[in-house]
Amino acid sequence: MDTHTIKQSNDLLALAERAGAKFHKAGKGFSSHCPIHGGDNPNAFSVYVGDDGYQHFKCFTRSECNRHGSNVIAFVMALENCDFKKACELLGSDASSMGISPRHTEPPAPLTYEPPADIWQARAMQLIDRAQAALWDTRGSKALAWLHARGLHDETIRAARLGYIPQSFSEKPETWGTPNDNPEPLYIHKGILIPGIMAGKVWYLKIRIHNPSDPKDKYKGVRGNKTASLYFADFITANRAAVFCEGEFDALLLSQEVKDLTSVITLGSATNKLNLATWGIYLLRPSSFLIAYDTDEAGKHGGDDLSWLHDSRRLQVPTLRAGDNDLTDFHKSGGNLYSLIESAIRPEAPIFVNWRSDVKPVTIQGQYWQNPDNRIEAFYQPDELAQCLQTMQAIA
Ligand SMILES: [Zn+2]
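Residues numbered from 1 in each chain as written. Predicted model: local features only at pLDDT ≥ 70, side-chain atom pairs only at ≥ 80, totals over all residues.

**Things to note about unusual backbone geometry**
So, step 1. Phi at Asn81 is positive, roughly 50°, even though this residue is not glycine.
So, step 2. If you trace the backbone, Asn81 turns up in the loop between α3 (72–80) and α4 (84–91).
So, step 3. For Asn239, which is not a glycine, the phi torsion comes out positive at approximately 55°. (Helix = DSSP H or I, 4+ residues; strand = E, 2+ residues; numbered from the N terminus.)

Next comes the structure, spelled out in structure tokens:
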């Protein structure tokens, strides 16, 4: 389709029709041959439009195309085989025309992915206040020490409104507006509370629990959470790189360390999906993306899922000590996060990085490793050099 035909379409059904789909009613939705890959199976492609405005398209021909998504942007990306930014251009929208400014307090309209209801918001804010109070008195001393050990400063912890829930408890679901129409008691776990506050609303509450019998069981939500959200969306700065972290704690630490060098954002986990209809517009602001997920399988797959972002690259976080897995480990092992990110967002920069703050410059094979403008010196330990070089080549 040409740009003119695509422009100004918010309706997935109409846009797919203009792309050649011939729909017939099928169940709760509409079916057609697939306008993306072609073919002549009249049931290959379906569009579902819910009463609440939710839209979804899917091509069922797994081997041929299998494209799917939940809004017109995803459809245009599939149709034109383009990235997110290009799709928005084709649709005639860009961040500036949507009037998004840094740290705005109202969500952009119209929202197709709504924050939890007002009653849920009110209850969530009460819980956040109580948990903050508990974190900063004697009840939270161990939790606070744990956060400090991750490298987080008091200022960072307060700004993020982290808190501590000293005892698990359950609540009547009505007090939270009976989320998901579930009449069962609503359970709040004991642990460190991470509020997902964006655009002036609480989108989710996440609790870092401690489960000795299953160390992998780390996070619990609260019923009614809207987790397909973009943590730190308010702090995205235009025309600057943004770093995608895997979770909130990494994001908090990184933003603390890099200050305004880049924006820092996260989906909260490697497997979490983002609702593009609401949050996609925020992703038009950064000039490029650096995906700094954990160095494990989940991190690899989660990072691959973000390959559609415009100008995105992976950052393999260097392993400074055995078992190191993420940005927080790198920091705790003495790595310099600011230098790491600064080098990674400048692909043309020489590969001289102060990886570690606690080791002296070294001479390797007769060369003194120093960058030409003396801006950053190389502080490698010899056995780390090969690894650092490999990492930087992977980045470049
Ligand atoms: Zn198809």
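From this point, things continue past the structure.
**Some remarks on the packing of α3 against α4**
A packed helix pair is summarised by two numbers, namely the angle formed by the two axes and the spacing between the axes.
So, step 1. Where α3 meets α4, the closest approach of the two axes is 9 Å, and the angle between their N-to-C directions is 105°. In terms of orientation, α3 lies roughly perpendicular with respect to α4. Together, Val72, Ile73, Val76, Met77 and Glu80 of α3 and Phe84, Ala87, Cys88, Leu90 and Leu91 of α4 make up the contact between the two elements.
So, step 2. When its residues are assigned to classes, the contact of α3 with α4 shows nine nonpolar, no polar and one charged. (Axes fitted to C-alpha atoms, helices over the stretch in contact; angles between N-to-C directions. Parallel < 35°, antiparallel > 145°, perpendicular 65-115°, else oblique. Contact = placed C-beta atoms within 7 Å. Nonpolar A, V, L, I, M, F, W, Y, C, P; charged D, E, K, R; others polar.)

**Concerning the pairing of strand β3 (residues 45–49)**
So, step 1. The pairing of strand β2 (residues 29–32) with β3 spans three bridges and is classified as antiparallel. Each residue of the ladder has a partner; that of Ser32, found in β3, is Phe45. (Pairing = 2+ DSSP bridges.)

**What about the nonpolar core?**
So, step 1. In this structure, Phe75, Val243, Ile265 and Ala292 are the most contacted members of the largest nonpolar core, which totals 92 residues.
So, step 2. Among the elements that take part in this core, α3 stands out by supplying eight residues, more than any other.
So, step 3. Setting aside residues no more than four positions away along its own chain, Val243 makes contact with Leu254, Thr262, Val264, Leu290, Ala292 and Ile341. (Core = buried A, V, L, I, M, F, W, Y, C linked by C-beta atoms within 7 Å. Buried ≥ 20, exposed ≤ 12 C-beta atoms within 10 Å, placed from the backbone.)

**Brief notes about the packing of helix α8 (residues 248–258) against helix α12 (residues 337–344)**
So, step 1. The contact between α8 and α12 brings their axes to 8 Å, and the two run at 85°. The orientation of α8 relative to α12 falls into the category roughly perpendicular. Residues Leu254, Glu257 and Val258 of α8 form the contact with α12, whose participating residues are Leu337, Tyr338 and Ile341.

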